[in-house]
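# Analysis of the macromolecular model
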Amino acid sequence: MGQAPGSPQDPQNQGPHGARELPVCYRHPDRETAIRCTRCERAICPECMVSASVGFQCPECVRSGSGTGHAPAASQPRTLAGGTVTADPRLVTKILIGINLLVFVLQQVLGDVFTDRFALIGQATFSDGGPLQGVAEGQWYRLLTAMFLHANYVHILFNMLSLWWIGAPLEAALGRARYLALYFTSGLAGSALTYLLAAPVQPSLGASGAIFGLFGATAVLMRRLRYDMRPVIGLLVVNLIITFGWGSIAWQAHIGGLVAGVVVGYAMVHAPRERRNLVQYGTCALVLAVVVVMALVRTAQLT
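Okay, so let's go over this structure. (Residues numbered from 1 in each chain as written. Predicted model: local features only at pLDDT ≥ 70, side-chain atom pairs only at ≥ 80, totals over all residues. Heavy atoms only, no water.)

Our next topic: the overall build of the protein. Per the secondary structure count, the protein includes 10 helices and two strands. Traced from its N-terminal end to its C-terminal end, the protein shows the element sequence β-β-α-α-α-α-α-α-α-α-α-α. Of all 303 residues assigned to the protein, the portion counted as buried reaches 43%. Within the protein, contacts between residues separated by at least 24 positions form 59% of all contacts whose residues are at least 6 apart in sequence. Taken as a whole, the protein presents about 16,300 Å² of accessible surface, with 63% of it coming from carbon and sulfur. (Helix = DSSP H or I, 4+ residues; strand = E, 2+ residues; numbered from the N terminus. Buried < 20%, exposed > 50% of the residue type's maximum accessible area, 1.4 Å probe, protein only. Contact = heavy atoms within 4.5 Å. Areas by Shrake-Rupley, 256 points an atom, 1.4 Å probe, with all protein chains shown as cover.)

It is worth spelling out a nonpolar patch on the surface at this point. A surface patch of nonpolar side chains, amounting to about 460 Å² of accessible area, comprises Leu102, Val105, Leu106, Val109 and Leu110. By the secondary structure assignment, Leu106 is in helix α2 (residues 91-110). (Patch = residues over 30% accessible without salt bridge, like charges linked within 9 Å, V, L, I, M, F, W, Y side chains within 5 Å. Salt bridge = Lys/Arg side-chain N within 4 Å of Asp/Glu carboxyl O.)

The final tally for this structure, using the stated rule, is four salt bridges. Here Asp88 ties to Lys94 by a salt bridge, and the two come within 3.2 Å at their closest N and O atoms. What makes Asp88 partly exposed here is its relative accessible area of 25%. Measuring nitrogen to oxygen at the nearest pair gives 3.9 Å for the salt bridge that ties Arg275 to Glu274.

Core analysis: the biggest nonpolar cluster contains 44 residues, and Leu163, Leu170, Tyr183 and Leu214 have the highest contact counts within it. Counting residues per element, this core draws most heavily on helix α7 (residues 208-224), which supplies eight residues. Once you skip the residues sitting within four places of it in the chain, Leu163 turns out to touch Thr93, Leu96, Ile97, Ala168, Tyr179, Tyr183, Ile211 and Leu214. Membership of the second largest hydrophobic core comes to eight residues, among which are Val135, Leu143, Ala146 and Tyr195. (Core = buried A, V, L, I, M, F, W, Y, C linked by side-chain atoms within 4.5 Å.)

Direction vectors running N to C along helix α5 (residues 153-174) and α7 enclose 35°, while the axes themselves pass 9 Å from each other. For the crossing formed where α5 meets α7, the hand is left-handed. Residues His155, Asn159, Ser162, Leu163, Ile166, Gly167, Leu170 and Ala173 of α5 touch α7, and the partners they reach there are Ser208, Ile211, Leu214, Phe215, Ala217, Thr218 and Leu221. For the contact of α5 with α7, the per-class residue count stands at nine nonpolar, six polar and no charged. (Axes fitted to C-alpha atoms, helices over the stretch in contact; angles between N-to-C directions. Left-handed = near helix turned anticlockwise from the far one by under 90°. Nonpolar A, V, L, I, M, F, W, Y, C, P; charged D, E, K, R; others polar.)

On to the side chain of Gln139, then. Within the element layout of this structure, Gln139 appears in the loop between α3 (112-118) and α4 (142-145). For Gln139, the side chain forms a polar contact with the side chain of Arg142, separated by 2.6 Å. If we ignore the near neighbours within four places in the chain, the residues touching Gln139 are Arg117, Gln133 and Gly134. (Polar contact = N/O pair within 3.5 Å; in protein donor to acceptor, adjacent residues only side chain to side chain.)

Right, let's get into α5. Helix length check: α5 (22 residues) gives 30 Å between terminal C-alpha atoms against 32 Å at 1.5 Å per residue, within 8%. Considering bend angle alone, the principal kink of α5 is centred on Gly167 and spans about 35°; proline Pro169 follows within four residues of it. Close packing links the buried residues of α5 with α2, α6 (176-197), α7, α8 (230-245) and α9 (251-270). The distance from a side-chain oxygen at the start of α5 to the backbone nitrogen of Val154 is 3.2 Å, and the residue carrying that oxygen is Asn152. Backbone geometry just after α5 places Gly175 at a positive phi near 100°. (Expected span 1.5 Å × (residues − 1). Bend = angle between axes of the 7 residues up to and from the residue.)

As a further point, take the packing of aromatic side chains. For the structure on display, the rule yields seven aromatic pairs. Judged by centre distance (5.1 Å) and plane angle (55°), the rings of Phe114 and Phe118 are tilted. Taken as a pair, Phe114 and Phe118 lie in helix α3 at a separation of four residues, close to a single helical turn. Within the aromatic cluster, the residues linked to one another by ring pairs are Phe114, Phe118 and Tyr141. Positioned over the ring face of Tyr26 is Arg42, at 4.1 Å from the centre of the ring. (Phe/Tyr/Trp six-rings, centres within 6.5 Å; stacked < 30°, edge-to-face > 60°. Lys NZ or Arg CZ within 6 Å of the ring centre and 35° of its normal.)

Printed below as a string of structure tokens:
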């Protein structure tokens, strides 16, 4: 049996009167086109064309590799800050909330022994005649572990709601790696400022330092995108009023986290594309260096 003249399988692409016809798109057989993929040479219509360094490529060739010598990941879409767009852009925030909730359950089950072991404390004894404990005694891990402890149900509820409302959209805007770097850098900055300025026997705990860092970075991002700043500024002002108006809150953690969040957030969203990673992660490293300096200065004062 012969092929019908003018069909896609006709090697000569001849019409019924011998006139040469255009090939059809391999993904849309009803569309004629004169464009071919520069890699596989299949015909592609305008809807299927993906711009390449030379000519156009079909969607399948783009998915298998960029055709420019780069890895396929180089063709993946990026967030505003250069992070990879993922299927679940809020996964890290969910994991952080889960870790905080798990640690809070351990606090309830194990009691003060667990909390005292990991809370932020400069230098103190937890029992009469007991040994000195704290960051000044070499327990630097407290600067980190205190970020996952909470005093009571209201404390953790407020912090986790704030983490979800502020953190989830910010994670989607920055990408997972940059979001994590911002979160931990802000939290550690808050812990370090608390250690430096608070009384050495004053315990401190909570994710507030990291969350205030997210507040600061969100404000920077919204300004970068030219959004209305009034909602985030109003929310931040309310939180600062609570910070300084409530006697049991460690304001140092909030201010330290906020300042670090603004600095790191600015680097995340304003870094030039050609030096993006260097500027972003270099800024995180500089903030962490300041954290170490503050901790060393306070330790020298207490020992």
